[in-house]
Amino acid sequence: MRLLLVEDDALLGDGIQAGLRLAGYAVDWVRDGAAAALALRNERYAVCVLDLGLPQLDGLTLLRQLRSRGDHTPVLVLSARDTREDKVQGLDAGADDYLSKPFDLPELQARLRALLRRASGSGEAVLRFGEVTLDTVTRRAYFKAAPVALSGREHALLHDLLSHNQSIRSRSELEQSMYAWGEEVESNAVEVYIHHLRKKFGAHFIKTVRGLGYSLGTE
Ligand code: CA
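Here we summarise the structure given alongside this text. The model shown is predicted, which means the values in this text are computed figures rather than measured ones. (Residues numbered from 1 in each chain as written. Predicted model: local features only at pLDDT ≥ 70, side-chain atom pairs only at ≥ 80, totals over all residues. Heavy atoms only, no water.)

### Some details on the overall build of the protein chain
Point 1. Check the secondary structure of the protein chain and you find eight helices and eleven strands.
Point 2. In terms of C-alpha radius of gyration, the protein chain reaches 18 Å, essentially the compact-globule figure of 17 Å for 219 residues.
Point 3. Within the protein chain, buried positions represent 47% of all 219 residues.
Point 4. Taking the contacts inside the protein chain whose residues are at least 6 apart along the sequence as the reference set, 57% of them involve residues at least 24 apart.
Point 5. Side-chain charges of the protein chain comprise 28 positive and 30 negative groups, with the mean position of each set lying 6 Å from the other. (Helix = DSSP H or I, 4+ residues; strand = E, 2+ residues; numbered from the N terminus. Rg over C-alpha atoms; globule rule 2.2 N^0.38 Å. Buried < 20%, exposed > 50% of the residue type's maximum accessible area, 1.4 Å probe, protein only. Contact = heavy atoms within 4.5 Å. Lys, Arg positive; Asp, Glu negative; His and termini not counted. Charge placed at Lys NZ, Arg CZ, Asp CG, Glu CD.)

### So, the packing of helix H1 (residues 10-22) against helix H5 (residues 105-120)
Point 1. Viewed as axis vectors pointing N to C, H1 and H5 meet at an angle of 55 degrees, and their least axial separation amounts to 11 Å. One finds that H1 runs oblique with respect to H5. In the packing of H1 onto H5, the handedness of the crossing is right-handed. Mapping the contact onto sequence places Gly15, Ile16, Gly19 and Leu20 in H1 and Leu105, Leu108, Gln109 and Leu112 in H5.
Point 2. Considered class by class, the residues forming the contact of H1 with H5 number five nonpolar, three polar and no charged. (Axes fitted to C-alpha atoms, helices over the stretch in contact; angles between N-to-C directions. Parallel < 35°, antiparallel > 145°, perpendicular 65-115°, else oblique. Left-handed = near helix turned anticlockwise from the far one by under 90°. Nonpolar A, V, L, I, M, F, W, Y, C, P; charged D, E, K, R; others polar.)

### Quick look at the environment of Arg67
Point 1. As for its position among the elements, Arg67 is in helix H3 (residues 59-68).
Point 2. Sequence spacing of Arg67 and Ala93 is 26 residues, and the spatial spacing of their C-alpha atoms is 7.8 Å.
Point 3. When near neighbours in sequence (up to four residues on either side) are disregarded, Arg67 contacts His72, Thr73, Pro74, Val75, Ala93, Gly94 and Asp96.
Point 4. At a separation of 2.7 Å, a polar atom in the side chain of Arg67 contacts the main-chain carbonyl oxygen of Asp71. (Polar contact = N/O pair within 3.5 Å; in protein donor to acceptor, adjacent residues only side chain to side chain.)

Here is the structure:
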């Protein structure tokens, strides 16, 4: 899952980025509102973690701009301001959830999982297709009820495909959810990892849709 982290506090941002990378997210981290606005225009993110007090452009204004142009990227607002009024403003501006600093990383991760579940329309912690299941809490995958070991990239790819159900995912969309900025994308990475997943879950688990990309499928 590709995630945009917007946080100007270097120490806090570093800690959140490290924790979320360990949890399997491809994290892009920007430190001011203007850079965040640019990133949100140019990339598609599964979710955005947004601090409110930011240099250049504050988080609330950024959020209002995002929503007013019809961008529905799920946003979790992160803020030191924990008065009720600020929470209400954040939610009214289009935030999907709100977390006050200081917070625990496990709570942030649980809230992000909940947001992603709601965004994918499933509402369930376990994603399924055919005989393949992925538990998004434990990050364990199963095929015909037997556990299957996955690398980080394989997990990211499987999570993306399962959370988009049977819609077609282009190669660049899949690449974006597997890699953060600055990470070197190996050549043919998507093809290579699709091949790995087919070996683990059966050749028909992922369909190639000629000229468009890939989708889950049975033919
Ligand atoms: Ca701040």
